[in-house]
Amino acid sequence: ILPKVASDPGYLESHNMEVVTEGSTTRLRQRPGPDNPLGQIKFMFPNEHDIYLHDTPADHLFAEAERDLSHGCIRLERPMDLAHVLLKGSKWTPEKLQEAIASGEQKTITLPRPLPVHLLYFTVWVDKDGTVQFRRDVYGQDAKLAKELAEEPIVELDLDAVRGQVRALTPGPSPASGRGVQS
């Protein structure tokens, strides 16, 4: 952005951006609004990477096969649907939420109840019909995992000892079946 600002002094204003200084840190930030790449609503949750879920004005990107155009956060295709589910039972009805967004004023809404967030990243999975799906590892996580797995010590099990422990913990034959558990 800095080269653009150097060549066009009005760049920040025309892109609805501002300079924010917090302590000794200065950064550029785009103000909220309909053209903000983060859309009209974002969902913050604690994590060490400052990743959050957000809306986007570029909803046409959801039709693309490859959508790894983010800077780390996660675009939501239907953020308002998620907001309505998360805020159900609170004072934030869909109408009030829409009014708050339309006001253009930035608001922070705390969820009525804490909700755990789990982000999962898969490059391989199996569909319901048993088809294995492979995708490009855009974040390079597969190589890291392969390295970590290669460094794991190999654990050898004494299968006879394990079978003996299972037998010791397994009750005798069931009166209904007349059979015990086989190992």
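None of the values given here were measured: they were computed from a predicted structure.

Student: So what exactly am I meant to see when it comes to the packing of aromatic side chains here?
Tutor: Pairs of aromatic rings are described using the distance from one ring centre to the other and the angle between the two planes. Tallying each qualifying case throughout the model produces one aromatic pair. Between the aromatic rings of Tyr121 and Tyr139, the centroid separation amounts to 5.3 Å while the plane-to-plane angle is 65 degrees, which identifies the pairing as edge-to-face. Separated by 18 residues along the polypeptide, Tyr121 in the loop between helix H4 (94-103) and strand E6 (124-126) and Tyr139 in the loop between strand E7 (132-134) and helix H5 (141-151) bring together distant segments of the chain. Tyr139 gets classed as partly exposed once you look at its relative accessible area, which sits at 46%.

Student: What should I look at first to understand unusual backbone geometry in this one?
Tutor: Glycine aside, residues mostly have negative phi, and peptide bonds are mostly found in the trans state. A positive phi angle, near 60 degrees, is found at Asn16, a position not held by glycine. Position of Asn16 among the secondary structure elements: in the loop between helix H2 (11-14) and strand E1 (17-22). With a phi angle near 55 degrees, Asp50 is a residue other than glycine that sits in the positive phi range. Mapped onto the elements, Asp50 comes out in the loop between strand E3 (42-43) and strand E4 (53-54).

Student: For this particular structure, what's the right way to read the pattern of salt bridges?
Tutor: Two side chains with opposite charge may pair up if their charged atoms get near one another. Taken as a whole, this structure holds seven salt bridges when the rule is applied. Close ionic contact of Glu22 with Arg27 constitutes a salt bridge, the shortest N to O distance being 3.3 Å. Overall, the relative accessible area of 36% leaves Arg27 in the partly exposed class. Ionic contacts of the salt-bridge type, sharing partners, join the residues Glu18, Arg29 and Arg31 into one network.

Student: Is there a simple way to explain the sheet that holds strand E5 (residues 74-75) in this structure?
Tutor: Within a beta sheet, neighbouring strands are joined by backbone hydrogen bonds and run either parallel or antiparallel to one another. Taken in spatial order, the three strands line up as E3-E4-E5 in an open sheet, and their pairing is mixed. Each edge of the sheet is formed by a strand with only one pairing partner; in this case those strands are E3 and E5. Both E4 and E5 contribute to a ladder of two bridges, which runs parallel. Pairing of His54 across the sheet is with Arg75, part of E5.

Student: For this particular structure, what's the right way to read the nonpolar core?
Tutor: Side chains of nonpolar character tend, in soluble globular proteins, to be buried together. Ranked by internal contacts, the top residues of the largest apolar core, which has 14 residues, are Ile41, Phe43, Leu53, Ala83, Trp92 and Leu97. In terms of residue count, H4 provides more of this core than any other element does, three residues in total. In this structure, Leu97 is in contact with Ile41, Met80, Ala83, His84, Leu87, Trp92 and Ile109, ignoring residues within four places of it in sequence.

Student: Honestly, the pairing of E1 in this entry has me stumped. Any pointers?
Tutor: A regular strand carries its side chains on alternate faces of the sheet. Inspection of the sheet shows E1 paired to strand E2 (residues 25-30) by six bridges, in the antiparallel sense. Residue pairing in the sheet places Thr21 in a bridge with Thr26 of E2. If you look at the hairpin formed by E1 and E2, you'll find two residues sitting between the two strands, and Gly23 has a positive phi there, around 65 degrees.

About the thresholds
Residues numbered from 1 in each chain as written. Predicted model: local features only at pLDDT ≥ 70, side-chain atom pairs only at ≥ 80, totals over all residues. Heavy atoms only, no water. Phe/Tyr/Trp six-rings, centres within 6.5 Å; stacked < 30°, edge-to-face > 60°. Helix = DSSP H or I, 4+ residues; strand = E, 2+ residues; numbered from the N terminus. Buried < 20%, exposed > 50% of the residue type's maximum accessible area, 1.4 Å probe, protein only. Salt bridge = Lys/Arg side-chain N within 4 Å of Asp/Glu carboxyl O. Pairing = 2+ DSSP bridges. Core = buried A, V, L, I, M, F, W, Y, C linked by side-chain atoms within 4.5 Å. Contact = heavy atoms within 4.5 Å.

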